[in-house]
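Summary of the model geometry
Residues per chain, in single letters:
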Amino acid sequence: MLEVSNLSAGYGDLTVLRNASLRVDQGEFVALVGSNAAGKSTLLRAIFGLLSASTGEVRVDGERISGKAPFEIARMGLSLVLELSVLRNLSALDNLRLGAYGMAGRPHLRRNLERVFELFPVLAERRHQLAGTFSGGEQQMLCIGRALMGCPRLLVLDEPSVGLSPVMVSVILKALARLNAEGLTILLVEQNVAQTLRVAQRAYVLESGHIVLEGAAAELLADPSMKRAYLGL
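Our subject in this report is the structure included herewith. (Residues numbered from 1 in each chain as written. Predicted model: local features only at pLDDT ≥ 70, side-chain atom pairs only at ≥ 80, totals over all residues. Heavy atoms only, no water.)

**Re the pairing of strand E7 (residues 154-158)**
Along a regular strand, successive side chains alternate from one face of the sheet to the other. Worth spelling out the cut-off: The classification of residues rests on relative accessible area computed with a 1.4 Å probe and restricted to protein chains. Under 20% of the type maximum is buried, over 50% is exposed, and intermediate values are partly exposed. Starting at the N terminus, helices and strands are each numbered in turn, a helix being any DSSP run of H or I of at least four residues and a strand any DSSP run of E of at least two. The rule for pairing is simple: two strands pair if DSSP sees at least two bridges between them. Think of it like this: strands point away, you trace from the first strand over the helix to the second, and a clockwise trace means the crossover is right-handed.
Here E7 lies mainly inside the structure; five of its five residues are buried. Here E7 shows two buried faces, one formed by Leu154, Val156 and Asp158 and the other by Leu155 and Leu157. Sheet topology places strand E6 (residues 78-81) next to E7; four bridges connect them, and they run parallel. When the bridges of E7 are listed, serine 79 appears paired with leucine 155. Sheet topology note: the E7/strand E8 (residues 185-190) ladder contains five bridges and is parallel. Counterpart to leucine 157 in the pairing with E8 is leucine 188. In this view, the connection linking E7 to its parallel neighbour E8 by way of helix H7 (residues 166-181) has right-handed handedness.

**Observations concerning the layout of surface pockets**
Applied cut-off: Buriedness of a pocket was judged along seven lines, with at least five required to meet protein on both sides within 12 Å; pockets are open sets of points on a 1 Å grid over the protein atoms alone, cavities are sets where a 1.4 Å probe fits but cannot get out, and lining residues have an atom within 4 Å of a point. Grid points are joined across faces, edges and corners, and a volume is the space filled by probe spheres set on the points.
Estimated volume of the second largest pocket: approximately 180 Å³. If you trace the second largest pocket, you find 15 residues lining it, with Leu51, Ser52, Ala53, Ser66 and Gly67 closest to the centre. Going through the elements one at a time, helix H1 (40-47) and strand E4 (53-60) are the ones with two or more residues in the lining of the second largest pocket. The biggest single contributor to the lining of the second largest pocket is E4, with three residues.

**A few points about the packing of helix H6 (residues 136-148) against H7**
In plain terms, the rule: In this analysis, axes come from line fits to C-alpha atoms, helices being fitted only over the stretch in contact, and the angle between any two N-to-C directions falls in the range 0 to 180 degrees. Should an angle lie under 35 degrees it is considered roughly parallel, over 145 roughly antiparallel, and from 65 to 115 roughly perpendicular; all remaining angles are considered oblique. By definition, any crossing whose near helix is turned counterclockwise from its far helix by less than a right angle is left-handed, and any crossing with a clockwise turn is right-handed. Throughout, a residue-residue contact means that at least one pair of heavy atoms, one from each residue, lies within 4.5 Å. Polar here means any residue outside two lists: the nonpolar Ala, Val, Leu, Ile, Met, Phe, Trp, Tyr, Cys and Pro, and the charged Asp, Glu, Lys and Arg; Gly therefore counts as polar.
With their axes 10 Å apart at the nearest point, H6 and H7 run at an angle of 15 degrees to one another. Classified by the angle their axes make, H6 and H7 are roughly parallel. Classified by chirality, the crossing of H7 by H6 is right-handed. Contact with H6, carried on its side by Gly137, Gln140, Met141, Ile144 and Leu148, involves Met168, Val171, Ile172, Leu176 and Leu179 of H7 and no other residues of that element. Within the contact of H6 with H7, the residues separate by chemical class into eight nonpolar, two polar and no charged.

**Remarks on H1**
Taking burial as the measure, the eight residues of H1 include six buried ones, the bulk of the element. Every buried residue of H1 is listed here: Lys40, Thr42, Leu43, Leu44, Ala46 and Ile47. In the segment just after H1, glycine 49 is the residue with positive phi, at about 75 degrees.

**A short note on the pairing of strand E1 (residues 2-11)**
With seven bridges connecting them, E1 and strand E2 (residues 14-24) associate as antiparallel partners. Opposite leucine 7, over in E2, you have alanine 20 as the bridge partner. Turn length for the E1-E2 hairpin, with the two strands adjacent in sequence and antiparallel, is two residues, and the turn residue glycine 12 shows positive phi of about 65 degrees.

**A word on the environment of glutamate 28**
With respect to the element layout, glutamate 28 can be found in the loop between E2 and strand E3 (29-33). Sequence spacing of glutamate 28 and isoleucine 186 is 158 residues, and the spatial spacing of their C-alpha atoms is 6.3 Å. Apart from the residues within four sequence positions on either side, glutamate 28 is in contact with Arg23, Asn180, Leu184, Thr185, Ile186, Gln201 and Arg202.

**Observations regarding the nonpolar core**
A general tendency of soluble globular proteins is for nonpolar side chains to be buried together. To keep things clear, this is the line we draw: Take the buried residues of types Ala, Val, Leu, Ile, Met, Phe, Trp, Tyr and Cys, join any two whose side-chain atoms come within 4.5 Å, and each joined set is a nonpolar core.
Core analysis: the biggest nonpolar cluster contains 48 residues, and Leu123, Leu155, Leu176 and Ile186 have the highest contact counts within it. The dominant element in this core, judged by the number of residues it contributes, is H7, at seven residues. Among all residues touching leucine 123, those that are not within four sequence positions of it are Val116, Phe117, Phe134, Glu138, Met141 and Leu142. Leu2, Leu7, Ala46 and Val58 belong to the second-largest nonpolar core, a separate cluster that totals 30 residues.

**Remarks on the pattern of salt bridges**
Our working definition: Salt-bridge detection follows one rule: a side-chain nitrogen of Lys or Arg within 4 Å of a carboxyl oxygen of Asp or Glu.
Applying the stated rule across the entire model yields eleven salt bridges. Residues glutamate 57 and arginine 59 are paired through a salt bridge, measuring 2.8 Å at the closest nitrogen-oxygen approach. With a closest N to O distance of 2.4 Å, aspartate 61 and arginine 153 form a salt bridge. One end of the pair, aspartate 61, is in the loop between E4 and strand E5 (63-64); the other, arginine 153, is in the loop between H6 and E7, with 92 residues separating them in the sequence. The network of salt bridges with common partners includes Arg115, Glu118, Arg178 and Glu182.

As structure tokens, this is what we get:
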């Protein structure tokens, strides 16, 4: 589905991402892990047309999307969930309804609302509450729910666990695993390495702008170099 080939990008004269390549196949749950400032968010910005790449290309189903505007990429079924990006002065329900604004989600608004409320019951209970009054974890659920309202083919998440309690992180990751089991393709970008590798199928490790490891998530979790670098073992 998604193919990233030799992508380099940065800001001004500073190159942050260097010749990064990865793929996400239909139905997969793929993780991109790495420490803070490794270039993970830069890679996502380049994929979604929020940042121009200096080299390389991005393809979806074989079609080159490099150079397309972000709204054009969204229309192809790619949805990016940014950290705690709720519209704070709107209710949870209005946030979710805005997620169905596009042509793909509009005909399925009622069905998708039921799906989101079943996945995250707290959103159903507090649907009329202002999003800005939610806890960090509840706001992250709302961000994911809003993305689901648009019927994405590929759900991409940028560090959804940042600032959340271990319990809430577990809730979010279990929800993502369930969505993948139901057929949704997921690319999860995280610095929470251990928990992420326990739910993903395959993973890539990004260090200083370079992809340095890739493989089955379970194998990377058991890799001695990964344990030393990220798990403190």
